Amino acid sequence: MPNRALHFVGSVPAEVSAEPEGVMRWLLDGAGSHEITALPCENPRWIAPWLLDRRNVVDGDSAQEKRAVFEVVVDGVATMYDNVPLHRMARGVALRPEHVALGRVQQVAELMPGFRMLRAEHGQPRLRHQVSVPSPLDLALFTLASPKAAVGPVTKARAVAAALRHYGVFRDAVVGEVVELHDRFGDELVFQVEAPSVLVGLWSVPAPVRPLLARVLARQVADVLTRLPADASVVLHLCYGDLDHTSLVRPTSLKPAVLFLNALANLLRHRERERPAVHLPAAFGDQPPPVDTEYYQPLTRLDAGYPLYAGVADHRDPDVSRAALELFEAAAGRRTEAVSTACGLGREPLALATRAVAVCRTLTHARRPHAEDAALPPLLGTTEV
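As the structure is a computational prediction, the values presented were derived from the model and not from experiment.

What counts and how
- Residues numbered from 1 in each chain as written.
- Predicted model: local features only at pLDDT ≥ 70, side-chain atom pairs only at ≥ 80, totals over all residues.
- Heavy atoms only, no water.
- Core = buried A, V, L, I, M, F, W, Y, C linked by side-chain atoms within 4.5 Å.
- Buried < 20%, exposed > 50% of the residue type's maximum accessible area, 1.4 Å probe, protein only.
- Helix = DSSP H or I, 4+ residues; strand = E, 2+ residues; numbered from the N terminus.
- Contact = heavy atoms within 4.5 Å.
- Axes fitted to C-alpha atoms, helices over the stretch in contact; angles between N-to-C directions.
- Parallel < 35°, antiparallel > 145°, perpendicular 65-115°, else oblique.
- Left-handed = near helix turned anticlockwise from the far one by under 90°.
- Nonpolar A, V, L, I, M, F, W, Y, C, P; charged D, E, K, R; others polar.
- Expected span 1.5 Å × (residues − 1).
- 1 Å grid on protein atoms, 1.4 Å probe; cavity = no way out; pocket = protein on both sides within 12 Å on 5 of 7 lines; lining within 4 Å.
- Points joined across faces, edges and corners; volume = space filled by probe spheres on them.
- Phe/Tyr/Trp six-rings, centres within 6.5 Å; stacked < 30°, edge-to-face > 60°.
- Salt bridge = Lys/Arg side-chain N within 4 Å of Asp/Glu carboxyl O.
- Pairing = 2+ DSSP bridges.

Side note on the nonpolar core
Counting residues in hydrophobic clusters, the biggest one holds 110 residues, and the most contacted among them are L236, L238, F260, L264, Y296, L299 and F328. Per-element accounting of this core gives the leading share, nine residues, to helix α6 (residues 167–185). The residues contacting L299, other than those within four sequence positions of it, are L254, V258, L280, F328, A331 and A332. Ranked by size, the runner-up nonpolar core spans seven residues in total, among them A5, V190, V235 and A277.

Looking at the packing of helix α7 (residues 196–203) against helix α8 (residues 210–225)
For the pair α7 and α8, interaxial distance at closest approach is 10 Å and the crossing angle is 165°. As summarised for this structure, α7 and α8 are arranged roughly antiparallel, according to the angle between their axes. Note on packing geometry: the crossing formed by α7 with α8 is right-handed. When α7 is examined against α8, the residues S197, V198, G201, L202 and W203 are found in contact with a partner set consisting of R210, L213, A214, L217 and V221. When its residues are assigned to classes, the contact of α7 with α8 shows seven nonpolar, two polar and one charged.

Things to note about the environment of P256
Residue placement: P256 occurs in helix α9 (residues 255–270). Relative accessible area serves as the criterion here: at 2%, P256 is assigned to the buried category. Sequence-wise, P256 and A214 are 42 residues apart; in three dimensions their C-alpha atoms are separated by 7.5 Å.

Considering helix α12 (residues 350–363)
Compared with the 20 Å implied by 1.5 Å per residue over 14 residues, the 20 Å span of α12 between its first and last C-alpha is a close match. Across the 14 residues of α12, eleven count as buried, placing the element largely inside the fold. The secondary structure elements touched by the buried residues of α12 are β1 (5–6), α1 (20–31), β11 (308–313), α11 (318–332) and β12 (338–341).

A short note on the layout of surface pockets
To find leftover empty space, one rolls a probe the size of a water molecule over the atoms. Of the voids in this model, the largest pocket is the one considered here, and its volume is about 1200 Å³. Lining the largest pocket we find 45 residues, and of these D138, F142, P196, S197 and L248 sit closest to its centre. Those elements that provide at least two residues to the lining of the largest pocket are α2 (47–52), β7 (129–134), α4 (136–144), α5 (153–165), β8 (189–195), α7 and α8. Here the element with the most residues in the lining of the largest pocket is α4; it accounts for five residues. Residue composition of the lining of the largest pocket, by class: 26 nonpolar, twelve polar and seven charged. Here the second largest pocket is characterised by a volume of approximately 690 Å³. For the second largest pocket, the lining is made up of 31 residues, of which R128, V190, S233, V234 and Y309 are closest to its centre.

Focus on empty space enclosed by the protein
Counted by the stated rule, this structure contains four cavities of 30 Å³ or more. Looking at the second largest cavity, its volume works out to about 60 Å³. The wall of the second largest cavity is formed by 13 residues, among which H7, F8, V9, T341 and L345 lie closest to the centre. Listing elements by their share of the lining of the second largest cavity, those giving two or more residues are β12 and α12. Split into classes, the residues belonging to the lining of the second largest cavity amount to eight nonpolar, five polar and no charged.

Observations regarding the packing of aromatic side chains
Summed over all chains, the structure comprises two aromatic pairs. When the centroid spacing of 5.1 Å and the interplanar angle of 65° are considered together, the rings of Y295 and Y296 count as edge-to-face. Since its relative accessible area comes to 2%, Y295 is described here as buried. Connected via pairs of aromatic rings, a cluster forms that spans Y295, Y296 and F328.

As for the packing of α1 against helix α3 (residues 104–121)
Relative to each other, α1 and α3 sit at 30°, their axes nearing to 9 Å. Here α3 runs roughly parallel to α1, going by the angle between their axes. Here α1 runs over α3; the crossing is right-handed. Residues P20, E21, M24, R25 and L28 of α1 form the contact with α3, whose own contacting residues are L111, G114, F115, M117, L118 and E121.

A short note on the pattern of salt bridges
One pass over the structure, following the stated rule, counts 17 salt bridges. For R316, the salt bridge goes to D314, with nearest N and O atoms at 2.5 Å.

As for the sheet that holds strand β10 (residues 277–281)
Ordered by their spatial adjacency, eight strands build an open sheet running β1-β12-β11-β10-β9-β8-β7-β2, and the pairing between neighbours is parallel. On the outer flanks of this sheet lie β1 and β2 (39–40), each paired with one strand and no other. Where β11 meets β12, four bridges bridge the pair, whose relative direction is parallel. Bridged to G311 within β12 is S340. Contacting β7 and β8, α6 crosses the sheet at an angle of about 165° to β8. The strands touched by α9 are β9 (233–238) and β10; relative to β9, the strand with the most contacts, the crossing angle is about 150°.

As structure tokens, this is what we get:
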């Protein structure tokens, strides 16, 4: 039976390198001889500078006409959820896609020569570059409805309403960049659509409401996926939030995730689109994966058409990670295509991120406990267990 691949969610610790080639080389060296799904190259805070720069976005063609597009309601530096800035639209300004463009086309174009060099150097001609793409709904909420801004309920409700009202502009900006990147680089790229709002939203409402909200969120994600080129390679990254390595919610099972994914599968089938690969986290924030059968039991009802990337690797305990993978696959009734950590490595210290990659390597093949424990790097003086 072929080994599972190793999936890198995206970011790496800031200590790795300030240069894209250094980031990609660290990931390739960490994977060793193991297959990887794609090679990302993300700054651990790449979305935060974009968010903070919204205050500098202007509208108008001349110096006399230019005016700010966004106003800062609550300021912050976006290092953790409590200090993410809250914006609102400036009065009289019509939001356009260029106001919220991510600049991914230029970023990717600049790093592709280095990626191709490393791909050739490592003898992997079929290796693809992975591009992180925030879900438009998440981007709209992140910009206009900061999740933990210190505002009253009326202001919060208005902020969420504004984000939903302007969702289409964020969608057009995100989709437009993906289409342009796909036109330029074709099957050299994999697009990872990142949607924390799905699981955070489902765990933030009462259980009886979840089936309805799952269908609403599935329609939104299907709206995005079906606007992307049909032959583009896509991974859907679900998440519980991981800013400052802290989750926004604390799940107790995978049931909400399965509700959403089954609703999404039905919509994609109806629209004659393939189901994307799904990176499904079992660990979350600073918490290791559960080793409770009931946590994974909802996977018995998951649509079988999804290629699964199991987010179960945790630096603290390879045996716990291995047990979680076994429970994940036993419930799903099949071997997962790839294994991964629950989120990117950018919020981990370098020593722990290195350890996490090593745990991923142990999960790509043998189920047998203790098979490669001796090969794991030490924690370099840390006291975390």
